[in-house]
Amino acid sequence: MLGSIGAWLRANLFRNRTDAVVTVVVGSILLYALYRFLRFLFVTGRWEIVRVNLPLYLTGAWPSDELWRITTVIVAAALVGGLAAGVAARRAAEAPDRVDTGPRSPGRVALDLLDRLWPAVATVLLLLILARTAAPWLLVVAAVVVAIAANQVGRRLPLRVGWLVNLAIPVGVVAALWLLNGGVGWNEWGGLLLNLALAAIAITLCFPFGVLLALGRRSTFPILRLLSTVYIELFRGVPLIALLLLANQALGFFIPQSIAPGRTVRAIVVLTLFTAAYVAEIVRGGLQSVPPGQIEAGKANGLTALAITRRIVLPQAIRNVIPALVGQFISLFKDTTLAGAAMGFLDLLRAAEASTQQDAFRGDGLIAEALVFVLLVFWAGSYTMSRESQRLEKRLGVGVR
Amino acid sequence: MTTTTPTPEQPTSGSERSTAPAAVPFWRNVRVLAWTFQLVVLGLVIVVLAILFNNVRINSQNQGIPTGFDFLDQPTSFTIPANDLRDTQPVRDAIVEGTLNTLRVSVVGIILATVVGVLIGIGRLSGNWLVRNLARVYVEALRNIPLLGLVVFAYLAIVLTLPRVDDSIQAGNLLIINTRGASIPWPDGTNLLLVGLLALAAIAGWSVRRWRLGVSERTGEPSRVVAWVTPVVLLVLFWGAVLAGVGITSPMIDGPRVTGGMTLQPEYFALLMALVTYTASHIAEIVRGSIQAVPRGQGEAAKAMALTGVQQMRHVVLPQAFRIAIPPIANQYLNLMKNSSLGFVISYFELTKVVSTTIGNRSPAIPAYLVLILIYLVLSLIISLIMNTANRRLELPSR
């Protein structure tokens, strides 16, 4: 035992004299930094500000007697998500080219999920511990139970009704938006809820627009090509925050005041238009990676140009760029903080800044605690997404097939 | 999109059947359809733009706001902290100062982010377990948090909590850090003089390098470029400074403020820190990917030639890796330049902050934003041109 540890140290930390010096120097700096950080986390950091303001951070100024709307949406999302995952698993199990990995015990599945999603799981646990009331625990347990049950149901559904589940997703999103809009109206949304909602809506909208722009830029029609290229380069050349400020300060000049949308819609529109330009460039890369033989084969089979694009080119092009697309969506999620700064939303980041100015905490210098919490939440979300995208990349065999 | 599906020929009454194919009617002619479609799209775009433009004109008239670019000559009526700009100077001067501030943070940021990013990217492939994992944690942590959060953290939680002037963090007279910024020794000549001196030294260094490389090529002796160029550059700088009467002043604490030397504003300092640490994490990933994309045989061959680890990297692996890395790194440079606009949030007066402030001071919004968009596009174009040139020069001559 001791011998193997010694061998490992020799092979990984003390291979030669320079290596040993590097290890000692880096190691001592690291230990000191770690000491300071742990001391901050457990000794000097005063976390009441996060605990007291948890509702503000998560939902902004959402009235507490309207919280049932959010609860309903979370449970419904667990239901639909579980069903969809179940149906997808069933499909995969019955696909002709599947690799049989044998049945997996429930414990094994849970461990795999934990391994995949640990940053998100750990953050949710942290939130629950900070909340110190029973209701959030109940909500999470209910959501997990509903998701597992729905997953089992999904696996037993006949394949014919799979399309119903697919239909449930867009209908569910619209219903969720309607439900969430009912309480305070979406111009009053705030906290993490606002960041998530802005990101989710903008991702959904920017994707089809971006694909159209990419097709336009690769089209044989010169006018379409010119328009798409100008659009893409214009939006990629200007910083997002400047566009958000423009929408905030100057939108009133472009359209009549009577139909000017509220700031949430403005933020969504700007985030969508901005990200679509980046999505277009990514998809263009994917389009270029499809071998010309594929298009020629489609032509030889007598498919129309539309059918070739829809059924042959796009599926391959998009599969090749899924990791890059997910990366772009992660940036969009992080960039929703800019909407807060430029348009005056009380999103997660600004809610944290604002909370240090409350009467109970003003002058206490608790900004570090509040911001560390915010950064942790964003980090957990983005890191989980990026790990899932790497996993997807491996499963799809990008660059291998 | 416009391919017609073949329809079976309808047998018609015998006498009317022509043997020559009839001319395609225009509503089925692919070229006509394609152009019609494009013209319709173009028409729609033009109509929408015209409506928007018309709205801008009418709304501006109603509110009595001018639409031209005359505002560039009006007085700014605001001042920029730590800047000589007077509030009677025209708006155009403020915009120039804003652009210079964007450039100041972008150029320094690009240089520092490249250095840090390359080091961490190499660190991710180190044989040392500690270094490798430290680099990994750095990359995974920094890449997945919002840059704005980092900027705000650097400003509110680090820079603004620094000690006040009377108990500054001090390293002799070399470095004084306090809540007013970071002060370092700096030459006291005018900017023009300093740039001239640097250019002179660069020309001298460049000529010596060319001469040494030539000698090495003719005679085969080692070129020893670094050993020759360094003293020459230092000598030129030293004697140039002495002859031009340029000295170096050190910062000193003088009651409530720091005098002498150069003081980096706290907002500049915070923005720079955030931009560098964030962009470095992205550059590190690019560098790692590019090093891994160099065929392994290259490194092994270098090892077989008995090159040391540093030499393998310096002469064999890195030059090939950089060829792969330049286009994505150029993208990161563009991002850094655009991300410097986050200085807006902590009131660092870069381009975006200046423009939005002048709009707050009665400059018309739409022309002001047009100017801003134009400047950012030009800056992007300049960075792209520089990086494309670098890319072409490093590219392998086609074989």
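Basis of the calculations
- Residues numbered from 1 in each chain as written.
- Chains lettered and ligands numbered in written order.
- Predicted model: local features only at pLDDT ≥ 70, side-chain atom pairs only at ≥ 80, totals over all residues.
- Heavy atoms only, no water.
- Helix = DSSP H or I, 4+ residues; strand = E, 2+ residues; numbered from the N terminus.
- Buried < 20%, exposed > 50% of the residue type's maximum accessible area, 1.4 Å probe, protein only.
- Contact = heavy atoms within 4.5 Å.
- Domains from an automatic or database assignment.
- Buried area = accessible area lost by both parts, 1.4 Å probe.
- Salt bridge = Lys/Arg side-chain N within 4 Å of Asp/Glu carboxyl O.
- Polar contact = N/O pair within 3.5 Å; in protein donor to acceptor, adjacent residues only side chain to side chain.
- Axes fitted to C-alpha atoms, helices over the stretch in contact; angles between N-to-C directions.
- Left-handed = near helix turned anticlockwise from the far one by under 90°.
- Phe/Tyr/Trp six-rings, centres within 6.5 Å; stacked < 30°, edge-to-face > 60°.
- Lys NZ or Arg CZ within 6 Å of the ring centre and 35° of its normal.
- Patch = residues over 30% accessible without salt bridge, like charges linked within 9 Å, V, L, I, M, F, W, Y side chains within 5 Å.
- Areas by Shrake-Rupley, 256 points an atom, 1.4 Å probe, with all protein chains shown as cover.
- Pairing = 2+ DSSP bridges.
- Expected span 1.5 Å × (residues − 1).

## Details of the overall build of chain A
Inference 1: Counting its regular elements, chain A contains 17 helices and 0 strands.
Inference 2: In terms of its C-alpha atoms, chain A occupies a principal-axis envelope of roughly 70 × 70 × 50 Å.
Inference 3: Here chain A holds 401 residues, and the buried ones make up 38% of them.
Inference 4: For chain A, long-range pairs separated by at least 24 residues make up 78% of all intrachain contacts whose partners lie at least 6 apart in sequence.

## Details of the domain arrangement of chain A
Put simply, an interface is often sized by how much accessible area is lost when its parts join up.
Inference 1: Under the domain assignment used here, chain A contains domain 1 (2-44), domain 2 (46-58 + 189-401) and domain 3 (63-180).
Inference 2: Here the C-alpha centroids of domain 1 of chain A and domain 2 of chain A sit 39 Å apart.

## Focus: the interface of chain B and chain A
Inference 1: At the junction of the two partners, chain B supplies 55 residues and chain A supplies 54 residues.
Inference 2: Area buried by chain B at its contact with chain A is led by Q38, N144 and Y369 of chain B, which between them contribute 12% of it.
Inference 3: Linking chain B with chain A are 0 salt bridges.
Inference 4: At the boundary of chain B and chain A, one finds 14 residue pairs in polar contact (both at pLDDT 80 or more).

## Regarding the side chain of T114 of chain B
Inference 1: For T114 of chain B, the location among the structural elements is in helix 2 (residues 91-123).
Inference 2: Each residue touching T114 of chain B, except ones within four places of it in the same chain, is listed here: I283 and Y333 of chain B.

## A few points about the packing of helix 7 (residues 266-293) of chain B against helix 9 (residues 309-339) of chain B
All names here are of chain B.
Inference 1: Here helix 7 crosses helix 9 at 145°, and the two axes come no closer than 8 Å. Note on packing geometry: the crossing formed by helix 7 with helix 9 is right-handed. Two secondary-structure elements touch here, helix 7 through L275, T279, H282, I283, I286, V287, S290, I291 and A293 and helix 9 through M313, V317, L318, A321, I324, A325, P328, I329, Q332, Y333, L336 and N339.

## Things to note about the packing of aromatic side chains
Inference 1: Throughout the structure, instances matching the rule amount to 16 aromatic pairs over all chains.
Inference 2: Ring geometry for F333 of chain A and F378 of chain A: centres 5.2 Å apart, planes at 45°, overall tilted. Separated by 45 residues along the polypeptide, F333 of chain A in helix 15 (residues 322-343) and F378 of chain A in helix 17 (residues 367-396) bring together distant segments of the chain.
Inference 3: Judged by relative accessible area, which is 0%, F378 of chain A ranks as buried.
Inference 4: Both rings, one in W379 of chain A and one in Y383 of chain A, keep their centres 4.9 Å apart while their planes meet at 20°; by these two values the pair is stacked. Remark: Y383 of chain A and W379 of chain A occur in helix 17; sequence separation between them is 4 residues, near one turn of the helix. An identical accessibility class is assigned to W379 of chain A and Y383 of chain A; each is buried.
Inference 5: Among the aromatic residues, those joined into a ring-pair cluster are W118, W379 and Y383 of chain A.
Inference 6: Note that R212 of chain B overlies the ring of W211 of chain B, its terminal NZ or CZ placed 5.2 Å from the centroid.

## Remarks on a nonpolar patch on the surface
Inference 1: Taken together, L2, I5, W8, L9, F14 and V24 of chain A together with W129 of chain B make up a surface patch of nonpolar side chains, about 660 Å² in accessible area.
Inference 2: At 4 residues, the largest contribution of residues to the nonpolar patch is made by helix 1 (residues 2-12) of chain A.
Inference 3: Positionally, L9 of chain A belongs in helix 1.
Inference 4: Residue classification places L9 of chain A among the partly exposed positions, given a relative accessible area of 31%.

## Some points on unusual backbone geometry
Backbone phi values are negative for most residues with the exception of glycine, while trans is the configuration of most peptide bonds.
Residues and elements named next belong to chain B.
Inference 1: With a phi close to 65°, A306 is a non-glycine residue in the positive phi region.
Inference 2: Unlike most non-glycine residues, S347 shows phi in positive territory, near 60°.
Inference 3: The topology assignment puts S347 in the loop between helix 9 and helix 10 (351-360).
Inference 4: Since its relative accessible area comes to 34%, S347 is described here as partly exposed.

## Observations regarding the pairing of strand 3 (residues 181-184) of chain B
Residues and elements named next belong to chain B.
Inference 1: Bridging between strand 2 (residues 175-178) and strand 3 involves 3 bridges; their strand directions are antiparallel. Residue pairing for strand 3: I177 is matched across the bridge by A182.
Inference 2: Where strand 2 folds back on strand 3, the antiparallel hairpin that results is connected by 2 residues.
Inference 3: Two strands pair when backbone bridges link them, and strand 3 and strand 8 (residues 262-264) are joined in this way by 3 bridges, in the antiparallel orientation. Opposite A182, over in strand 8, you have L264 as the bridge partner.

## A word on the pattern of salt bridges
Inference 1: Enumeration according to the criterion identifies 13 salt bridges over all chains in this entry.
Inference 2: When the shortest N-O distance is used, the salt bridge between E281 of chain A and R284 of chain A registers 3.1 Å. Highlighted residues: E281 of chain A and R284 of chain A, both in helix 12 (residues 263-289), separated by 3 residues, approximately one helical turn.
Inference 3: Looking at E281 of chain A, the relative accessible area reads 17%, which means it is buried.
Inference 4: The partner of R92 of chain B in a salt bridge is D73 of chain B, and the shortest N-O contact between them spans 2.4 Å. On the criterion of sequence distance, the pair formed by R92 of chain B in helix 2 and D73 of chain B in the loop between helix 1 (30-63) and helix 2 is long-range, its members being 19 residues apart.

## Focus: the sheet that holds strand 1 (residues 169-171) of chain B
Two pairing modes exist for strands in a sheet, parallel and antiparallel, and in both the strands are linked by backbone hydrogen bonds.
All names here are of chain B.
Inference 1: Strand order in this open sheet of 4 strands is 1-2-3-8, and the pairing throughout is antiparallel. Edge positions in the sheet fall to strand 1 and strand 8, since each of these pairs with one other strand and no more. Going from strand to strand, the sheet's axes swing by 15° on average, the running direction of each strand aside.

## A short note on helix 2 (residues 17-44) of chain A
Inference 1: Taking 1.5 Å per residue, 28 residues should reach 40 Å; helix 2 of chain A reaches 38 Å between its end C-alpha atoms and fits that length.
Inference 2: Along helix 2 of chain A, the residues that are buried comprise D19, T23, G27 and F40 of chain A.
Inference 3: Those residues of helix 2 of chain A that are buried are in contact with helix 1 and helix 17 of chain A together with helix 3 (129-143) of chain B.
Inference 4: Taking the backbone nitrogen of T18 of chain A as reference, a side-chain oxygen 3.3 Å away marks N16 of chain A as the first, capping residue of helix 2 of chain A.

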